[in-house]
Amino acid sequence: MLLSEFDYELPPKLIAQVPTPERHHSRLLVLDRKTGAMDHGHFYDLPDMIQDGDSLVINETKVLPARLLGQKVSGGKVEILLLGRRERETTAQAEENSRVGEWECLIKNSGKLRCPARVILEEDLEAELVEKNPDGSWLLSLKGKGNLEHTLRRIGYPPLPPYIRRNGNRETRALDLERYQTVYARHEGAIAAPTAGLHFTSELLSLIKKKGVPVFPVTLHVGRGTFVPVKEEVIEKHRLEPETFEVPPETATGLNRIRQSGGAVIAVGTTVTRALESVVDEQGTLRPQQGRTDLFIRPGHRFRSIDGLITNFHLPRSTLLMLVAAFAGRELIRSAYEEAIKRNYRFYSYGDAMLIR
């Protein structure tokens, strides 16, 4: 298939810049895959749309405060996005109560960078660019007094996507640290939120469980591979970077039982879908597993693990849009997006949601 088949025009005013005042007050478009019918409600209506005997699957990944702001010794501003860590500590540094962490990262700055280059961050944290990798990322060494991870949590900003135009805004940092994170986040390691889960509150989850709908966890740490632009015009040539995931035994066992009894498995987000589809066999049986997955789901994929999908509205030409189109059908998703635009739904990470059954 061609990349151009997943394009659409979105008025900039519909790109959500802030979350709704209450998580569960976002709008919800309900799409029937069989009939093409579309209904409109709010996320707080979700308990009425899930049947007793169905199940939800959530992604418990936790977003790192991975965006750092600093200055080169020469004075130029530098923005750092931490991608993943490699850490070490020498005996001498331990005696000084210092920690050194090596990270893969992306760098944004106004001029050219050459190795080695020093960047001064808050709280006397110092970064040194060690080398540039072939894929355009950098290897960065961080050094500071005290506990490095605690320092990063204090000075780091949430890694908001670039279409939210306030990266590094101190006034909204606390808001974004709370709201660009699901209420059930447990396992730190993502550099982007699993945004379909941002609409849930603890109270809403309790209502769903009281209805007899079990909620099962998986973990998939969202990395940059999910968001790297697709540059191949023939999408089958695109390759996703592997991301770390886990489907625990209790989740695999519980979901197998649900499907055997005729209940529906509803994935909360594309990350959950990729994790489950990475461990399901030809007969539809899920196997517990942890590891890394580079599964690229696109039209033509045969879904074996899920019956429903809760998802946000995704960027054009993205692998996320391709996954949703694979689940519901490209033309039906095109019609749903056109309907959402006509009704002024809010798009992308802080935007509204869709339930596809």
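Residues numbered from 1 in each chain as written. Predicted model: local features only at pLDDT ≥ 70, side-chain atom pairs only at ≥ 80, totals over all residues. Heavy atoms only, no water.

(A) Up close: the pattern of salt bridges. As enumerated under the stated definition, the model contains 21 salt bridges in all. The closest approach of N and O atoms between Arg317 and Asp7, which form a salt bridge, is 3.2 Å. Taken together, the positions of Arg317 in the loop between strand E16 (308-312) and helix H8 (319-328) and Asp7 in the segment before strand E1 (27-31) put the pair 310 residues apart, joining distant regions of the chain. Take Asp7: its relative accessible area is 28%, and that puts it in the partly exposed class. Residues joined in a network through salt bridges with shared partners are Glu5, Arg330 and Glu331. (Salt bridge = Lys/Arg side-chain N within 4 Å of Asp/Glu carboxyl O. Helix = DSSP H or I, 4+ residues; strand = E, 2+ residues; numbered from the N terminus. Buried < 20%, exposed > 50% of the residue type's maximum accessible area, 1.4 Å probe, protein only.)

(B) Quick peek at the nonpolar core. Among the nonpolar cores identified, the biggest contains 65 residues, and Leu31, Leu276, Ile333, Phe347, Met354 and Ile356 are the most heavily contacted of them. Ranked by the residues each element gives to this core, the list is headed by H8, at eight residues. The residues contacting Met354, other than those within four sequence positions of it, are Leu28, Leu29, Leu31, Leu309, Ile310, Thr311, Phe313, Val324, Ile333, Ala336 and Tyr337. Of all hydrophobic cores here, the second largest spans 24 residues; its members include Ala66, Trp138, Leu142 and Leu148. (Core = buried A, V, L, I, M, F, W, Y, C linked by side-chain atoms within 4.5 Å. Contact = heavy atoms within 4.5 Å.)

(C) The environment of Glu232, seen in detail. Summarising the element assignment, Glu232 is placed in the loop between strand E12 (215-220) and strand E13 (243-247). Beyond its immediate stretch of four places on either side in the chain, Glu232 contacts Leu3, Lys237 and His238.

(D) Here's a closer look at empty space enclosed by the protein. Tallying each qualifying case throughout the model produces four cavities of 30 Å³ or more. Counted as a void, the largest cavity has a volume near 200 Å³. Among the residues forming the lining of the largest cavity, the class breakdown is 11 nonpolar, nine polar and no charged. Each pocket or cavity is described by its volume, and for the second largest cavity that value is around 90 Å³. Around the second largest cavity, the lining comprises 13 residues; the ones closest to its centre are Pro19, Thr20, Arg179, His199 and Tyr350. Partitioning the lining of the second largest cavity into residue classes produces three nonpolar, seven polar and three charged. (1 Å grid on protein atoms, 1.4 Å probe; cavity = no way out; pocket = protein on both sides within 12 Å on 5 of 7 lines; lining within 4 Å. Points joined across faces, edges and corners; volume = space filled by probe spheres on them. Nonpolar A, V, L, I, M, F, W, Y, C, P; charged D, E, K, R; others polar.)

(E) Quick look at the pairing of strand E8 (residues 117-120). Because side chains alternate across E8, one face comprises the buried residues Ala117 and Val119, and the other comprises Arg118 and Ile120, none of which is buried. Summarising the sheet, strand E5 (residues 67-72) and E8 pair through two bridges and their orientation is antiparallel. By the bridge assignment, Lys72 is partnered in E8 with Val119. Bridge analysis of E8 against strand E9 (residues 126-132) gives four bridges, and the strand direction is antiparallel. (Pairing = 2+ DSSP bridges.)

(F) Layout of the packing of helix H7 (residues 270-277) against H8. Between H7 and H8, the least distance of the axes is 11 Å, while the angle of their chain directions is 65°. Relative to H8, H7 is oriented roughly perpendicular. You can see that H7 and H8 cross each other, and the crossing is left-handed. For the pair H7 and H8, contact is made by Thr270, Thr273 and Arg274 and by Leu320, Leu323 and Val324, respectively. Partitioned by chemical class, the residues of the contact of H7 with H8 number three nonpolar, two polar and one charged. (Axes fitted to C-alpha atoms, helices over the stretch in contact; angles between N-to-C directions. Parallel < 35°, antiparallel > 145°, perpendicular 65-115°, else oblique. Left-handed = near helix turned anticlockwise from the far one by under 90°.)

(G) Expanded view of helix H5 (residues 202-210). Buried within H5 we find Leu204, Leu205 and Ile208. Buried residues of H5, seen end-on, are gathered within an arc of 100° and therefore sit on one face of the element. Seen from the buried face of H5, the exposed residues on the opposite side, beyond 90 degrees, are Glu203 and Lys210. On its buried face, H5 sits against helix H1 (46-49), strand E3 (55-59) and E12. Positioned one or two residues after H5, Gly212 has a phi angle of 95°, which is positive. (Arc of directions from axis to C-beta.)

(H) Seen up close, the layout of surface pockets. Empty space within the largest pocket amounts to approximately 810 Å³. Leu81, Pro161, Pro162, Phe227 and Val228 are the residues nearest the centre of the largest pocket, which is lined by 29 residues in total. Sorting the residues of the lining of the largest pocket by element identifies strand E6 (77-88), strand E7 (98-109) and H8 as the ones contributing at least two each. A breakdown of the residues in the lining of the largest pocket according to their chemical character gives 19 nonpolar, five polar and five charged. The calculated volume of the second largest pocket comes to roughly 430 Å³. Every residue lining the second largest pocket is counted, 18 residues in all, and those nearest its centre are Leu83, Gly84, Gly223, Pro242 and Arg292. Residue assignment for the lining of the second largest pocket shows that the elements contributing at least two residues are E6, strand E11 (187-190) and E13.

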